[in-house]
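# Observations on the three-dimensional arrangement
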Amino acid sequence: MNNYFVENNLSGLKREDFQSTVQGKQTDLFILQNSRGHEVAITNYGGILLTIMMPDKNGKMESVILGHDNIQSVINSPEAFLGALIGRWGNRIAKATFTLDGKEYKVALNDGPNHLHGGPTGYHKRVWDAEQVDQQTLNLHYLSVDGEEGYPGNLDINVMYKLTDLDELVIEYRATTDKKTVLNLTNHAFFNLNGMRKDSKSVYDFQLTVNADHYLPIDETSIPYGNIDKVEGTVFDFRQPHAIGERIDTDCEQIRHGSGYDHCYVLNKREPGELSFAIRCVDPESGRSMECFTTEPAIQVYTGNFCNGCECAHGATLPRRSAVCFETQHFPDSPNEPFFPTTVLNPGEEYSHTAIYRFGVE
């Protein structure tokens, strides 16, 4: 159902440009609009966030994420994960292999020697069932069948996107399985608080705060060593605000391994699963700010180190480091690290994960 479509939307997106038949299912464009008139545009192909329209300090409306303006560009995007729902596994699994109850499972090799973001036909490439229940809420559903991309269990997934009157984009993930499996869902929005435009500005000047005393150091293939290291005294210490570009090219092994920041931060939590503050990001030029809160134990900070300038909506481009991703999630390679928080989902249990992105102006 799509009875709440906003024809003259702030994004300048046209519904007919997103209507197609893919995998035998209908793709469409959905617009969420709150009482302030601010908007989020989503397609049910990949559950992809296309735009988040928010004002700057002068009231100018721009999208604070990068996205495409038609379904073919979405499907053929050089940035396959741009704005997408990610699963069955967000981030990496070492050597594309894990073991559950003594049985070895092999998943797709699609990132050098590793598995990344659910594989080449992960949830970012699936058409989700969609129902817009009101002007501010979109429900998405997908049944990931047993054996899909090598994962065990029929996984029944529901994701809710809601744009609140407080300019919060709330993402709620729920899932159940009929067989023991591993699960790590997230969203891969590419944020630029300065706005989506031709030659989008780098994120170097953005002031970033991360509520984490620890992070996960990685090897040259971006797999965690298994250590949980302190950020204190390192270029990963964002407990107080620092410009993202201040130390991004420091000559140290961890920055070389990630080609910049592409690391998992272990969030400070009073108890597992609490909804708590994760990051704050501010663009001094536009005055736009964003805070993220999550129930997840970690957040991946990725500074678009491998973006190649691909074209996005209305001629905007995505040059290297012109976006930053904040992926709420469990630790990378958790199925192979017994001391990391478990990502096993059993029959009879419900996976539950909430992420809130709150936008404002300084």
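For the structure itself, look to the data block above.
Residues numbered from 1 in each chain as written. Predicted model: local features only at pLDDT ≥ 70, side-chain atom pairs only at ≥ 80, totals over all residues. Heavy atoms only, no water.

## Looking at the environment of Ser222
Using the following cut-off: Runs of H or I in DSSP of at least four residues are treated as helices and runs of E of at least two as strands, each being numbered from the N terminus. Throughout this description, buried means an accessible area under 20% of the type-specific maximum (1.4 Å probe, protein chains only), exposed means over 50%, and partly exposed covers the range between. Two residues form a contact once any of their heavy atoms are found within 4.5 Å.
Mapped onto the secondary structure, Ser222 falls in the loop between strand 19 (214–216) and strand 20 (229–230). Overall, Ser222 belongs to the buried group, its relative accessible area being 10%. For the pair Ser222 and Pro55, spaced 167 residues apart in sequence, the C-alpha separation works out to 36 Å. What Ser222 contacts, discounting residues up to four positions off in sequence, is Arg92 and His257.

## Quick notes on the nonpolar core
Defined as follows: Buried residues of nine kinds, namely Ala, Val, Leu, Ile, Met, Phe, Trp, Tyr and Cys, make up a nonpolar core once their side-chain atoms join them within 4.5 Å.
In terms of nonpolar packing, the biggest core is built from 59 residues, with Tyr161, Phe191, Tyr265, Ile279, Phe326 and Tyr357 touching the most fellow members. Considering each element in turn, this core owes the most residues, five residues, to strand 14 (residues 155–163). Discounting chain neighbours no more than four positions away, the residues touching Phe326 are Phe191, Leu208, Ile279, Cys281, Met290, Ile299, Gln300, Val301 and Tyr357. Among the nonpolar cores identified, the runner-up in size contains 19 residues, and Val6, Leu29, Ala41 and Val74 belong to it.

## Describing the sheet that holds strand 21 (residues 242–243)
The criterion, for reference: A strand pair is defined by DSSP finding two or more bridges across the two strands.
With antiparallel pairing, nine strands are arranged side by side in an open sheet as 12-13-14-15-30-24-23-18-21. A strand with exactly one partner marks an edge of an open sheet, and here the two such strands are strand 12 (129–134) and strand 21. Where strand 12 and strand 13 (residues 137–144) come together, five bridges link them in antiparallel fashion. Within strand 13, the position partnered with Glu131 by the bridge is Asn139.

## Topic: the pairing of strand 3 (residues 29–33)
Among the five residues of strand 3, four are classified as buried, and the element is accordingly described as predominantly covered. When strand 3 meets strand 4 (residues 39–43), the two strands line up antiparallel, connected through five bridges. Residue pairing across strands places Gln33 opposite Glu39, the latter belonging to strand 4. Hairpin connection, strand 3 to strand 4: the antiparallel pair is bridged by five residues, and Gly37 has positive phi, about 85 degrees.

## Considerations on the sheet that holds strand 28 (residues 325–329)
Across the sheet, which stays open at both edges, the five strands sit in the order 20-19-22-25-28 with antiparallel pairing between neighbours. Of all strands in the sheet, those bounded by a partner on one side alone are strand 20 and strand 28. When strand 25 (residues 298–302) meets strand 28, the two strands line up antiparallel, connected through five bridges. Bridge pairing links Ile299 to Thr328 in strand 28.

## So, the packing of aromatic side chains
Describing an aromatic ring pair means giving the distance of the ring centres and the angle of the ring planes. Stated formally: Ring geometry is summarised as follows: Phe, Tyr and Trp rings, the Trp one being its six-membered ring, pair when their centres sit within 6.5 Å, and such pairs are stacked at plane angles under 30 degrees, edge-to-face over 60 and tilted between the two. Either the NZ atom of lysine or the CZ atom of arginine qualifies as a charge over a ring when it sits within 6 Å of the ring centre and within 35 degrees of the ring normal.
A full pass over the atoms with the stated rule returns 15 aromatic pairs. Both rings, one in Phe191 and one in Phe359, keep their centres 6.5 Å apart while their planes meet at 40 degrees; by these two values the pair is tilted. Of the two residues, Phe191 sits in the loop between strand 17 (186–187) and strand 18 (207–210) while Phe359 sits in strand 30 (residues 351–361), which places them 168 residues apart along the sequence. Summarising the burial analysis for this pair, Phe191 and Phe359 share the class buried. Of the aromatic side chains, those joined through ring pairs into one cluster are Phe191, Phe326, Tyr357 and Phe359. In this arrangement the basic side chain of Arg15 is found over the ring face of Phe5, its NZ or CZ atom lying 5.8 Å from the centre.

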